[in-house]
Amino acid sequence: MSRDGTEKALFATHDGRAIEAVLMRFGDGRRSLCVSSQSGCPLTCTFCATGTMKFARNLTAGEIFDQALHFR
């Protein structure tokens, strides 16, 4: 967890692909969760770690849901 309360989690899919989810906490008590919906990304944004990975596939609903459950 970072000093500002942001928490990152790295997961591996059943086929060994890395995905990341990020929980952001705000001073007013709100939280926002950023979850991966794809393994890799075709957009290749330079500011995003997922964008540096070659696109492999869309994640299943279960793989996306598991990311949210991690921060429950």
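Would you mind going over the side chain of Arg57 in detail, with residue names and values included?
Tracing the backbone shows Arg57 in strand E5 (residues 57–58). At 3.0 Å, the side chain of Arg57 and the side chain of Asp15 are in polar contact. Within the structure, the side chain of Arg57 is placed 2.9 Å from the side chain of Glu63, a separation counted as a polar contact.

Let's hear about the packing of aromatic side chains: which residues, and what values?
Evaluated as defined, the whole model comprises 0 aromatic pairs. The lysine or arginine in question, Arg30, covers the ring of Phe26, its NZ or CZ lying 4.6 Å from the ring centre.

Give me the lowdown on the environment of Ile64, citing residues and values where you can.
By the secondary structure assignment, Ile64 is in helix H1 (residues 61–70). For the pair formed by Ile64 and Glu7, sequence separation is 57 residues and the distance between their alpha carbons is 17 Å. With residues near it in sequence (within four places) discarded, Ile64 still touches Val35, Ser36, Ser37 and Leu59.

An account of the sheet that holds strand E1 (residues 7–12) is requested, with residue identities and associated values reported.
Read across the sheet, 3 strands follow the order E1-E2-E3 without closing on themselves; strand pairing throughout is antiparallel. With one partner strand each, in any of the chains shown, E1 and strand E3 (31–34) form the two edges of the open sheet. For this sheet, the mean angle separating the axes of adjacent strands, direction not counted, is 15 degrees. As paired strands, E1 and strand E2 (residues 18–25) are joined by 6 bridges and run antiparallel to one another. Each bridged residue has a counterpart across the sheet, and for Lys8 the counterpart in E2 is Val22.

An account of the pattern of salt bridges is requested, with residue identities and associated values reported.
In total, this model carries 4 salt bridges according to the counting rule given. Glu7 serves as the salt-bridge partner of Arg25, at 3.4 Å between the closest nitrogen and oxygen. Residue Arg25 is located in strand E2, and its partner Glu7 is located in strand E1; the two are separated by 18 residues in the primary sequence. For Arg25, a relative accessible area of 29% corresponds to the partly exposed category. The residue Asp15 makes a salt bridge to Arg57 at a minimum N-O spacing of 3.0 Å. With a gap of 42 residues between them, Asp15 in the loop between E1 and E2 and Arg57 in strand E5 connect regions that are remote in the sequence. Of the residues examined, Asp15 reaches a relative accessible area of 40% and is grouped as partly exposed. Among the residues examined, Arg57 registers a relative accessible area of 19% and is labelled buried. Look at the salt bridges and you will find they share partners, linking Asp15, Arg57 and Glu63 into a network.

The rules we used
- Residues numbered from 1 in each chain as written.
- Predicted model: local features only at pLDDT ≥ 70, side-chain atom pairs only at ≥ 80, totals over all residues.
- Heavy atoms only, no water.
- Helix = DSSP H or I, 4+ residues; strand = E, 2+ residues; numbered from the N terminus.
- Polar contact = N/O pair within 3.5 Å; in protein donor to acceptor, adjacent residues only side chain to side chain.
- Phe/Tyr/Trp six-rings, centres within 6.5 Å; stacked < 30°, edge-to-face > 60°.
- Lys NZ or Arg CZ within 6 Å of the ring centre and 35° of its normal.
- Contact = heavy atoms within 4.5 Å.
- Pairing = 2+ DSSP bridges.
- Axes fitted to C-alpha atoms, helices over the stretch in contact; angles between N-to-C directions.
- Salt bridge = Lys/Arg side-chain N within 4 Å of Asp/Glu carboxyl O.
- Buried < 20%, exposed > 50% of the residue type's maximum accessible area, 1.4 Å probe, protein only.

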